[in-house]
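Working through the structure, step by step
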Amino acid sequence: MSKLLLLEDDLSLIDGLTYSLNKAGYEVDVARTVGEALERLSKPDCFALLLLDVTLPDGTGFSVCEQVREKGSTVPIIFLTARDAEYDEVAGLEAGADDYIVKPFSLAVLRARVDAALRRAGRPAAGSV
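Described in the following lines is the structure provided in the data block. All values reported here derive from a predicted model rather than from experimental measurement. (Residues numbered from 1 in each chain as written. Predicted model: local features only at pLDDT ≥ 70, side-chain atom pairs only at ≥ 80, totals over all residues. Heavy atoms only, no water.)

This brings us to helix α1 (residues 11-23). Here α1 contains 13 residues, and its C-alpha end-to-end distance of 18 Å stays within 8% of the 18 Å for a straight helix at 1.5 Å per residue. Residues of α1 that are buried include every one of Ile14, Leu17, Thr18, Ser20 and Leu21, and no others. Elements that come into contact with the buried residues of α1 comprise β1 (3-7), β2 (27-31), β3 (49-52), β6 (77-81) and α5 (107-120). Just downstream of α1, glycine 25 is the residue with a positive phi angle, here 105°. (Helix = DSSP H or I, 4+ residues; strand = E, 2+ residues; numbered from the N terminus. Expected span 1.5 Å × (residues − 1). Buried < 20%, exposed > 50% of the residue type's maximum accessible area, 1.4 Å probe, protein only. Contact = heavy atoms within 4.5 Å.)

Here it is as structure tokens:
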């Protein structure tokens, strides 16, 4: 089972995403702050993919993405955010993200993008061996 890190501070969104991704065959670890995310990311290659919100109580998902890339990690990163300005999307992709999804979004599309990002990275998607 592929393990994902979800960095999100909205409890209702956490519940819905965790339920949907678990049902799709993914194991989801949740961090609600940048600090929690960086602590969980201290172990190399412990996650198959990162789902990062941008605006968080103690910083931004952009900084998490940049720190992960500075360490040389190629783990797929997808931003899930309400920030829909072109500038923000460009900033996320330039920080090293593989995809940028604006809230609200379809859970089916999210699952498809997660599967696609994992395939491109040569990592197993849910339901594959």
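Scanning the entire structure with this criterion turns up 7 salt bridges. Across the salt bridge formed by aspartate 53 and lysine 103, the nearest N and O atoms sit 3.5 Å from each other. Separated by 50 residues along the polypeptide, aspartate 53 in the loop between β3 and β4 (55-56) and lysine 103 in the loop between β7 (99-102) and α5 bring together distant segments of the chain. On the accessibility criterion, aspartate 53 (5% relative accessible area) is buried. With a shortest N-O distance of 3.1 Å, aspartate 98 and arginine 69 are connected by a salt bridge. Here arginine 69 lies in helix α3 (residues 61-70) and aspartate 98 lies in the loop between α4 (86-95) and β7, a separation of 29 residues in the sequence. (Salt bridge = Lys/Arg side-chain N within 4 Å of Asp/Glu carboxyl O.)

The next subject is the sheet that holds β2. One open sheet holds the 5 strands; their spatial order is β2-β1-β3-β6-β7, and the pairing between them is parallel. Each edge of the open sheet is held by one strand with a lone partner, namely β2 and β7. Strand after strand, the sheet turns through a mean of 20° between neighbouring axes, direction not considered. As judged from the 4 bridges shared by β1 and β3, these two strands associate in the parallel manner. Note that in β3 the partner of leucine 4 across the bridge is leucine 49. Strands β1, β2, β3 and β6 of the sheet are contacted by α1, whose axis makes an angle of about 160° with β2. (Pairing = 2+ DSSP bridges. Axes fitted to C-alpha atoms, helices over the stretch in contact; angles between N-to-C directions.)

A few words now on the side chain of serine 20. Within the fold, serine 20 resides in helix α1. Separated by 2.9 Å, the side chains of serine 20 and arginine 111 make a polar contact. Excluding its chain neighbours within four sequence positions, the residues that come into contact with serine 20 are Leu107 and Arg111. (Polar contact = N/O pair within 3.5 Å; in protein donor to acceptor, adjacent residues only side chain to side chain.)

This part covers the pairing of β7. Bridging between β6 and β7 involves 4 bridges; their strand directions are parallel. Within β7, the residue paired with leucine 80 across the bridge is isoleucine 101. Handedness of the β6-α4-β7 crossover: right-handed. (Right-handed = clockwise from strand over helix to strand, strands pointing away.)

We now examine the packing of α3 against α4. The axes of two packed helices give the description: the angle between them and the distance between them. Their axes nearest at 9 Å, the elements α3 and α4 cross at an angle of 20°. By the angle class used here, α3 and α4 are roughly parallel. Note that α3 runs across α4; the crossing there is left-handed. In this structure, α3 contributes Phe62, Cys65, Glu66 and Arg69 to the contact, and α4 contributes Asp88, Ala91, Gly92 and Ala95. Among the residues making up the contact of α3 with α4, the classes are represented as 4 nonpolar, 1 polar and 3 charged. (Parallel < 35°, antiparallel > 145°, perpendicular 65-115°, else oblique. Left-handed = near helix turned anticlockwise from the far one by under 90°. Nonpolar A, V, L, I, M, F, W, Y, C, P; charged D, E, K, R; others polar.)

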